[in-house]
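In case you want the letters, here they are:
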Amino acid sequence: MTDIDIIPESEEMQAYSDQLRADGKTIAFVPTMGYLHEGHLSLLREGRKRADSLVLSIFVNPTQFGPNEDLDAYPQDMDRDLELARKEGVDTVFTPIKESLYGREYQTYVSLEKLPMHLCGKSRPEHFRGVATIVTKLFNIVKPHIAIFGEKDFQQLAVIRQMTKDLNFDINIVGWPTIREPDGLAMSSRNTYLTPEQRPSALSLYKALQNAEKLVKTGEKNAEKIITITKESILSNPGTNIDYVEINDPETLDTVTSIKGPVLMALAVKVGKTRLIDNMVLKP
Ligand code: AMP
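Residues numbered from 1 in each chain as written. Predicted model: local features only at pLDDT ≥ 70, side-chain atom pairs only at ≥ 80, totals over all residues. Heavy atoms only, no water.

What follows concerns the overall build of the chain. Scanning the chain for helices and strands turns up nine helices and nine strands. A globule of 284 residues ought to have a C-alpha radius of gyration of about 19 Å, and the chain, at 19 Å, matches this closely. By residue count, 52% of the 284 residues in the chain fall in the buried class. Accessible surface, the chain as shown: approximately 14,000 Å² in total, 49% of it carbon and sulfur. (Helix = DSSP H or I, 4+ residues; strand = E, 2+ residues; numbered from the N terminus. Rg over C-alpha atoms; globule rule 2.2 N^0.38 Å. Buried < 20%, exposed > 50% of the residue type's maximum accessible area, 1.4 Å probe, protein only. Areas by Shrake-Rupley, 256 points an atom, 1.4 Å probe, with all protein chains shown as cover.)

Here we come to the nonpolar core. Within the largest apolar cluster, 41 residues are counted, with the highest numbers of intra-cluster contacts made by Val 135, Phe 139, Phe 149, Met 163 and Ile 173. A total of nine residues in this core trace back to one element, the largest contributor, which is helix H6 (residues 127-142). In terms of domain composition, this core takes at least three residues from each of domain 1 (5-176) and domain 2 (189-282). Counting residues in hydrophobic clusters, the runner-up holds 27 residues, among them Leu 203, Tyr 206, Leu 209 and Met 280. (Core = buried A, V, L, I, M, F, W, Y, C linked by side-chain atoms within 4.5 Å. Domains from an automatic or database assignment.)

On to the sheet that holds strand S6 (residues 172-176), then. To summarise the sheet geometry, strands pair through backbone hydrogen bonds and adopt either a parallel or an antiparallel arrangement. Pairing is parallel across the open sheet formed by six strands, whose spatial order is S1-S4-S3-S2-S5-S6. With one partner strand each, in any of the chains shown, strand S1 (5-7) and S6 form the two edges of the open sheet. Adjacent strand axes in the sheet meet at a mean angle of 25° when their direction is disregarded. Contacting strand S2 (27-32), strand S3 (53-58), strand S5 (146-150) and S6, helix H2 (residues 38-50) crosses the sheet at an angle of about 155° to S5. Sheet contacts for H6: S2, S3, strand S4 (92-94), S5 and S6; angle to S2, the most-contacted strand, approximately 145°. (Pairing = 2+ DSSP bridges. Axes fitted to C-alpha atoms, helices over the stretch in contact; angles between N-to-C directions. Contact = heavy atoms within 4.5 Å.)

Let us look at the domain arrangement of the chain. Structurally, the chain comprises domain 1 (5-176) and domain 2 (189-282). The centre of domain 1, based on its C-alpha atoms, is set 26 Å off from the matching centre of domain 2. Counting residues at the interface gives 21 residues for domain 1 and 19 residues for domain 2. Carbon and sulfur atoms supply 55% of the area that domain 1 and domain 2 bury against each other, a total of about 1,700 Å² over both sides. (Buried area = accessible area lost by both parts, 1.4 Å probe.)

Mapped onto the fold, Ile 148 is located in strand S5. Since its relative accessible area comes to 0%, Ile 148 is described here as buried. Counting along the chain gives 27 residues from Ile 148 to Gly 175, while the straight-line C-alpha distance between them is 6.0 Å.

Moving on to the packing of aromatic side chains. Tallied over the full model, the rule gives six aromatic pairs. For the ring pair Tyr 106 and Tyr 109, a centre distance of 5.4 Å and an interplane angle of 80° mean the geometry is edge-to-face. Aromatic side chains Phe 139 and Phe 149 sit 6.4 Å apart centroid to centroid with 70° between the ring planes, which places their arrangement in the edge-to-face category. In this pair, Phe 139 is assigned in helix H6 and Phe 149 in strand S5, connecting sequence segments ten residues apart. Taking relative accessible area as the criterion, Phe 139 reaches 3% and is therefore assigned buried. Under the relative-accessibility criterion, Phe 149 is labelled buried at 4%. Clustering of aromatic rings is evident, with ring pairs tying together Phe 59, Tyr 102, Tyr 106 and Tyr 109. Between the NZ or CZ atom of Arg 80 and the centre of the ring of Tyr 35, over which it lies, the distance is 5.6 Å. The side chain of Arg 129 reaches across the aromatic face of Tyr 109, ending 3.8 Å from its centre. (Phe/Tyr/Trp six-rings, centres within 6.5 Å; stacked < 30°, edge-to-face > 60°. Lys NZ or Arg CZ within 6 Å of the ring centre and 35° of its normal.)

What follows is about the site of the ligand. Taken together, 17 residues surround the ligand, and among them His 40, Gly 150, Asp 153, Ile 179 and Met 187 come closest. Met 33 places a main-chain nitrogen or oxygen 2.9 Å from an oxygen atom of the ligand. Here an oxygen atom of the ligand sits 2.6 Å away from a polar atom, N or O, in the side chain of Asp 153. Protein chains shield 93% of the accessible area of the ligand, which is 480 Å² for the free molecule. Among the secondary structure elements, those contributing two or more residues to the shell around the ligand are S2, H2 and S5. By residue number, the principal contributor to the shell around the ligand is H2, which donates three residues. (Near = heavy atom within 4 Å. Polar contact = N/O pair within 3.5 Å; in protein donor to acceptor, adjacent residues only side chain to side chain.)

Further remarks concern the sheet that holds strand S8 (residues 263-271). With respect to topology, three strands assemble into an open sheet ordered S7-S8-S9, the strand pairing being antiparallel. In this open sheet, the two edge strands, each paired with only one partner strand, are strand S7 (240-248) and strand S9 (274-282). Taken pair by pair, the neighbouring strands of this sheet meet at an average axis angle of 10°, ignoring direction. Here eight bridges tie S7 to S8, and the two strands are oriented antiparallel to one another. Within S8, the position partnered with Tyr 244 by the bridge is Ala 268. Each of S7, S8 and S9 touches helix H8 (residues 199-217); the most contacted strand, S9, lies at about 15° to it. Here helix H9 (residues 223-235) sits on the sheet in contact with S7 and S8, set at roughly 160° to S7.

Written as structure tokens, this is what we have:
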């Protein structure tokens, strides 16, 4: 196992990336908020294959959390993360502190006009502004050729693809499929908040998506009908509170009423206090 560089300072990270580029090396980048799980590791493995140098960032970005969200409770274990990163052959871990990325006079944000109006953006109005801003900053610091993001956060991936195009970032954005627990629950750092009793309720998201997939495959075209069935099946589990269940166009995220081609079914459900999201592209 080779050792990894841990770089907390933005200027040092920039200098390091400049040197790699000057040496003709390509850089793959996986941004995360840490507390790594198999989902993150699958992104790292893909990055490892696609470039000479693999950079992971670990930063719990305050600007993407709302005032009553779990910023202070967000799980962290830097030692474990670094051990996992080492095993995956990560070359460099960028670990900035909040004060260095958002100084006292910080005032610049990146926001998109349309994509954040849908899905999670409705109940988390500042979230995608925070995501687009931190990813822009990280792109300018890490200077990657390729960056890998999970489809688990489908809307986030759409926002980043759009932003990359709109702002002419010369970076190849790669979307990577959702990694699940053996029972089907989408892996998430937030799953650690779930109690054993809440686990079956958490699993109801994936089960409902699978059922919707079956309905669409067998010819159901009425999105509203599928949404109603999905909501009923989720709400039949204790402690569930639906934020949204939607069927949307996978590119624009606009609502779809009649299913004619592939559609995105996206869910956000609170199980107790834990907000879970999941999605699936359904194909008739
Ligand atoms: P996070 O640390 O939650 O901000 O996630 C960092 C990256 O890992 C994002 O691109 C996520 O979409 C991705 N990711 C999170 N969970 C999964 C998962 N279960 N499967 C694949 N990618 C994931």
